[in-house]
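# Secondary and tertiary structure notes
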There are 2 protein chains.
Amino acid sequence: MELGEYLPFWKKLTEAERRTLAGSVQRRRFEKGQVLHHGSDECTGLILTLDGQLRVYTISEEGRELTLYRLLERDLCIFSAPCMVKSILFDVIVEAEQDTEILHIPVDVYRDLMDNSAAVANFTNELMAARFSDVMWLMDQVLNKKIDSRLAAFLLEESGLDESRKLSITHDQIARHMGTAREVITRMLKAFQADGLVKLTRGGIELLNEKRLTELAADSLR
Amino acid sequence: MELGEYLPFWKKLTEAERRTLAGSVQRRRFEKGQVLHHGSDECTGLILTLDGQLRVYTISEEGRELTLYRLLERDLCIFSAPCMVKSILFDVIVEAEQDTEILHIPVDVYRDLMDNSAAVANFTNELMAARFSDVMWLMDQVLNKKIDSRLAAFLLEESGLDESRKLSITHDQIARHMGTAREVITRMLKAFQADGLVKLTRGGIELLNEKRLTELAADSLR
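The structure displayed is predicted, hence computed values, not measured ones. Within every chain, residues take consecutive numbers counted from 1 along the sequence as written. Think of it this way: whatever chain is written first is A, whatever ligand is written first is 1, and the rest follow in order. Residues qualify for local features only when their pLDDT is at least 70, as the model is predicted, and side-chain atom pairs are given and counted only at 80 or more; totals for whole chains, interfaces and linings, by contrast, use all residues. Computation of side-chain values covers all heavy atoms of the structure but excludes hydrogens and water.

### Regarding the pairing of strand β10 (residues 198-201) of chain B
Residues and elements named next belong to chain B.
- The pairing criterion for strands is at least two bridges between them, as found by DSSP. Where helices and strands are cited, they refer to DSSP runs of H or I of at least four residues and of E of at least two residues respectively, numbered from the N terminus. Pairing analysis gives four bridges linking β10 to strand β11 (residues 204-207), with the strands arranged antiparallel. Note that in β11 the partner of Thr201 across the bridge is Gly204.
- The loop that links β10 with its antiparallel partner β11 comprises two residues; one of these, Gly203, has a positive phi angle of about 75 degrees.

Right, here's the structure in full:
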């Protein structure tokens, strides 16, 4: 297990810090659909994705989900350890979207490193800023893009992640990613089908016209 | 100028670091309406508010503004120094909402401190997490609250900041805070007036029924 490959601050750690870290991480496997971190009062620890795909999302009081971002290979999740930074006042849920292998880093071990190493603290800063940037992009989408643009962008992103034009995803799943209602998605997908952009199949969606979907994704509210 | 009062990491700095920092900060005054940081390619430096009030907002490609949060006395703004953390991929604009006195901290000085002091880096982490939490709250509002709830919450917040039930604010200014169109706000304010919640005056809005506004602010989409 080459931790140095995954953690850019590895070189800056002391011998003792490396030993402690290496001795505390645990490799774990999660099946597609399993929830790794439940939000609320949990402080699960840091999650480093080795392979697979994780979805990080919020649930509103009203039960509406919104996907904030995905974690792919080599991504590190700090919001699964909200107790580590006391100004984190929001909850996220982390779920395996594919069979996923992770390294789990205990909170107290990482917190100790952060307290003593500027390199680790600054790495954490960069991580937080990257996620913040993701969420700012999403905010712009939600506020300034029409739902058809957002849906087109979402289908293209999914297609990119799956490396396939045939997506195995339900209307309900899409609605939960996008923070909207299933009926809205179904109506919009039917309109996309009528326009020849997609083909709706049993249990899935096939992208037929990626060029026009890309143009649509770039459209804004006004 | 007691920097130690404003910067919690002051005690953790070396004598030399304190001298460098104290020798580089500059006190500046901005008048109401002045823009301190213009976003895009600027790297203005860190802004520590001594008194007054700053508004931090974004502008979409379409020219639509959205207030992310306010900076009040003792708040430190890092997003006016986006070059400091390379994963910050979004722009904000910082504007004085009142006559405001700040301390300006140059980027290179702060960056040096962050690189060498885990205390400074962790303080920066907490700052970023606090702003991230503000934006997550806002995202929930935008996605899950009806516009009348958001408007009620906004009027109450303004009233709290101004310590007055009479707000000197135009419909256009409210629309720019909330990331929506002026017509939407005007229509909603007229409905509020018809319901006895507010009184629309020349150049302002008076809150008449804070209890019902508070109830309305708590309402969600469904």
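### Describing the sheet that holds strand β9 (residues 166-167) of chain A
Residues and elements named next belong to chain A.
- The three strands are arranged β9-β11-β10 in an open sheet whose pairing can be described as antiparallel. Only two strands of the sheet have a single neighbouring strand rather than two, namely β9 and β10 (198-201).
- Sheet topology note: the β9/strand β11 (residues 204-207) ladder contains two bridges and is antiparallel. Bridge pairing in β11 links Leu167 to Ile205.

### Side note on the sheet that holds strand β4 (residues 54-59) of chain B
Residue and element names in this part refer to chain B.
- One open sheet accounts for four strands, arranged β2-β7-β4-β5; its pairing is antiparallel. On the outer flanks of this sheet lie β2 (35-37) and β5 (65-71), each paired with one strand and no other. Across the sheet, the axes of successive neighbouring strands diverge by a mean angle of 30 degrees, strand direction being ignored. In this analysis an axis means a line fitted to C-alpha atoms, helices contributing only their contacting stretch, and an angle means the value between N-to-C directions, from 0 to 180 degrees.

### Here's the deal with the domain arrangement of chain A
All names here are of chain A.
- Domain delimitation follows an automatic or database domain assignment. We note that the domain assignment places domain 1 (3-142) and domain 2 (145-218) within chain A.
- We call two residues in contact when some of their heavy atoms are within 4.5 Å. With twelve residues of domain 1 at the interface, the matching set in domain 2 holds 13 residues.
- Buried surface area refers to the total accessible area, computed with a probe of radius 1.4 Å, that the two partners give up upon joining, counted for both partners together. Three residues stand out in domain 1 for area buried against domain 2, namely Glu65, Arg70 and Gln141, and they jointly supply 48% of the buried area on that side.
- Any Lys or Arg side-chain nitrogen located within 4 Å of an Asp or Glu carboxyl oxygen qualifies as a salt bridge. There are three salt bridges connecting domain 1 and domain 2.
- When the shortest N-O distance is used, the salt bridge between Arg70 and Glu158 registers 2.3 Å.
- Two N or O atoms count as a polar contact when they lie within 3.5 Å, although within protein this holds only if one can serve as hydrogen donor and the other as acceptor, and sequence-adjacent residues are included solely when both atoms are side-chain atoms. At the surface where domain 1 touches domain 2, the tally comes to nine residue pairs in polar contact (both at pLDDT 80 or more).

### Quick look at the nonpolar core
- With 106 residues, the main nonpolar core has Leu21 and Tyr110 of chain A together with Leu21 and Tyr110 of chain B as its most contacted residues.
- Not counting residues up to four positions away in its chain, the partners in contact with Leu21 of chain B are Leu3, Leu7, Phe9, Trp10, Leu13, Ile105, Val109 and Leu113 of chain B. As used in this record, nonpolar core signifies buried Ala, Val, Leu, Ile, Met, Phe, Trp, Tyr and Cys residues forming a set joined through side-chain atoms within 4.5 Å. A 1.4 Å probe rolled over the protein chains alone gives each residue an accessible area, and that area as a share of the maximum for its type sets the label: buried under 20%, exposed over 50%, partly exposed in between.

### Here's the deal with the relation of the copies chain B and chain A
- When chain B is fitted onto chain A, the two copies agree to an RMSD of 0.0 Å after a turn of 180 degrees and an axial shift of 0.0 Å. Seen this way, the second copy is the image of the first under a two-fold rotation axis. Rotation axis and chain B: the residue whose C-alpha lies nearest the axis is Ala118 of chain B, separated from it by 1.9 Å.
- Comparing interface residues between copies, 100% of those in chain B also sit at the interface in chain A, which points to an isologous, same-surface contact. The fit set for superposing copies consists of C-alpha atoms from residues with pLDDT of at least 70 in both; the fit itself is least squares.

### So, unusual backbone geometry
All names here are of chain A.
- Its identity is not glycine, yet Arg74 carries a phi of approximately 80 degrees, on the positive side.
- Examined against the element boundaries, Arg74 turns out to sit in the loop between β5 (65-71) and β6 (76-77).
- Phi at Glu163 takes a positive value of approximately 50 degrees, unusual for a residue other than glycine.
- Among the structural elements, Glu163 can be located in the loop between α5 (147-162) and β9.
- A relative accessible area of 74% places Glu163 in the exposed class.

### Focus on the environment of Ser80 of chain B
All names here are of chain B.
- Tracing the sequence through the fold places Ser80 in the loop between β6 (76-77) and β7 (93-96).
- Using a relative accessible area of 0% as the deciding quantity, one classes Ser80 as buried.
- Separated by 40 residues in sequence, Ser80 and Ser40 place their C-alpha atoms 10.0 Å apart.
- Within the structure, Ser80 has its side chain in polar contact with the backbone oxygen of Cys77 (distance 3.4 Å).

### A look at the UniProt feature "domain: HTH crp-type" (unreviewed entry) in chain A
- UniProt positions are given in the numbering used here, feature names are shortened, and annotations may be inferred rather than shown by experiment. Here, UniProt's "domain: HTH crp-type" (unreviewed entry) annotation points to residues 145-211 of chain A.
- In this annotation, residues 145-211 of chain A is assigned 58% helix and 15% strand; the end-to-end C-alpha distance for the span is 18 Å.

### A few points about the interface of chain B and chain A
- Across the contact, 44 residues belong to chain B and 44 residues belong to chain A.
- Summing the contributions of chain B and of chain A, the shared interface buries around 3,700 Å²; its carbon and sulfur component is 63%.
- Here chain B and chain A share zero salt bridges between them.
- For the pair chain B and chain A, the interface holds twelve residue pairs in polar contact (both at pLDDT 80 or more).

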